[in-house]
Amino acid sequence: MEEAKEEHPYRARRTLVTGGAGFLGSHLCERLIGEGHEVLCVDNFYTGSKRNVYALLDHPRFELLRHDVTFPLFVEVDEIFNLACPASPVHYQRHPVQTTKTSVHGAINMLGLAKRVGARILQASTSEVYGDPSVHPQTEDYWGHVNPIGIRSCYDEGKRCAETLFFDYHRQFDTRIKVARIFNTYGPRMDPADGRVVSNFIVQALTGKPITIYGDGSQTRAFCFVDDLIEGFIRLMNSPADVTGPVNLGNPNEFTMNELATRVVELTGSSSEIVHKPLPSDDPRQRCPDIGFARAKLGWEPAVDLAKGLERTIAYFDGLLSEGDALPSEDGGHQSEGHLSGSDD
């Protein structure tokens, strides 16, 4: 069995974040730097952006490395946050084979690294493992209802396979794993053109374009602000060894797409009209986490309500638009999972 590495008491914890220049990854890197870690941020920049980590580039405990996790990485670290994977339908449906390879080969390579150096490793999994659920809200012991051959399957099944690998490495090699299932997350640094619902609604509202809702708008999602999710990551990574997960991390308060669109219009003061288009294939009708396990084991629950989170996110996109950097999607966003950025995460 693999022995846990003893951390040196006189040096900073060395932490690898794959997908570290993405939406979630960049926020996580900032949090870790603030807590005194040495951070190695790895990203291939398929959907991540150097802009997201500009503020960290000159920090003495931050290092940025261009690397694709489908290839092995040989570094010495104490812990690994594996966030690398395209997460929006616009990106993963454009390159489905590479998306699956990133989830599966990336997991194998990062688990191999964790095994070699004795590091703890956290997998950024997803609520998409539940598919279009027949159980509501979703608990961690629900196995899901997923189409294995649909247009979303490259992402859904890739993440399911990654979870399998994590638990098999844990059982076979005693690798110290943590698995977080992320539900819809939003906030500053979301890609304005990735087709996810919160960013799409906000950019359309700020530019006065019609707000696109797929289906009749009655489908629900539960939106978690990025700061709350990062707090969940930190608590899970620092939890006792027997808390492996999977752990749902998300906001249990549901909103319909119609309610979200109305709130965005109100908060932006927009005159945009709301239009409806056909619902995409395999788009789930409901998605909401049961976070009882996270409350009990991590003492975690979201603290930022939707109105406050949207205000901060709107301010971010307003700034991008004033700089001419935000380009709204021509055909609107799916009402799909809005969590990890292109490099996940």
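Residues numbered from 1 in each chain as written. Predicted model: local features only at pLDDT ≥ 70, side-chain atom pairs only at ≥ 80, totals over all residues. Heavy atoms only, no water.

> How should I be thinking about the side chain of T256 in this particular structure?
You can see T256 is positioned in strand β12 (residues 254-256). Dropping the residues within four chain positions of it, T256 is found in contact with G217, S218, Q219 and T220. (Helix = DSSP H or I, 4+ residues; strand = E, 2+ residues; numbered from the N terminus. Contact = heavy atoms within 4.5 Å.)

> In this structure, what is going on with the pairing of strand β6 (residues 177-182)? I would like to understand it.
For a regular strand, side-chain orientation follows a simple rule: the groups alternate between the two sheet faces. Summarising burial for β6: 6 of the 6 residues are buried, a large majority. Here β6 shows two buried faces, one formed by I177, V179 and R181 and the other by K178, A180 and I182. With 6 bridges connecting them, strand β5 (residues 120-126) and β6 associate as parallel partners. For T126, the partnering residue across the bridge sits in β6 and is I182. The handedness of the β5 to β6 crossover, carried by helix α4 (residues 153-173), is right-handed. Sheet topology places β6 next to strand β11 (residues 247-249); 3 bridges connect them, and they run parallel. Residue R181 lies in a different strand from β11, and its bridge partner there is N248. (Buried < 20%, exposed > 50% of the residue type's maximum accessible area, 1.4 Å probe, protein only. Pairing = 2+ DSSP bridges. Right-handed = clockwise from strand over helix to strand, strands pointing away.)

> Help me understand the pattern of salt bridges in this model?
Proximity of charged atoms lets side chains of opposite charge pair with each other. A full pass over the atoms with the stated rule returns 17 salt bridges. The residue R51 makes a salt bridge to E323 at a minimum N-O spacing of 2.7 Å. Residue R51 is located in the loop between β2 (38-43) and β3 (62-66), and its partner E323 is located in the segment after α9 (306-322); the two are separated by 272 residues in the primary sequence. Given the relative accessible area of 36%, R51 is considered partly exposed. Among the ionic pairs, D168 bridges to R171, the shortest N-O distance being 2.8 Å. With D168 and R171 both in helix α4, this residue pair falls 3 residues apart, about one helical turn. Since its relative accessible area comes to 35%, D168 is described here as partly exposed. The network of salt bridges with shared partners includes R31, E35, E231 and R235. (Salt bridge = Lys/Arg side-chain N within 4 Å of Asp/Glu carboxyl O.)

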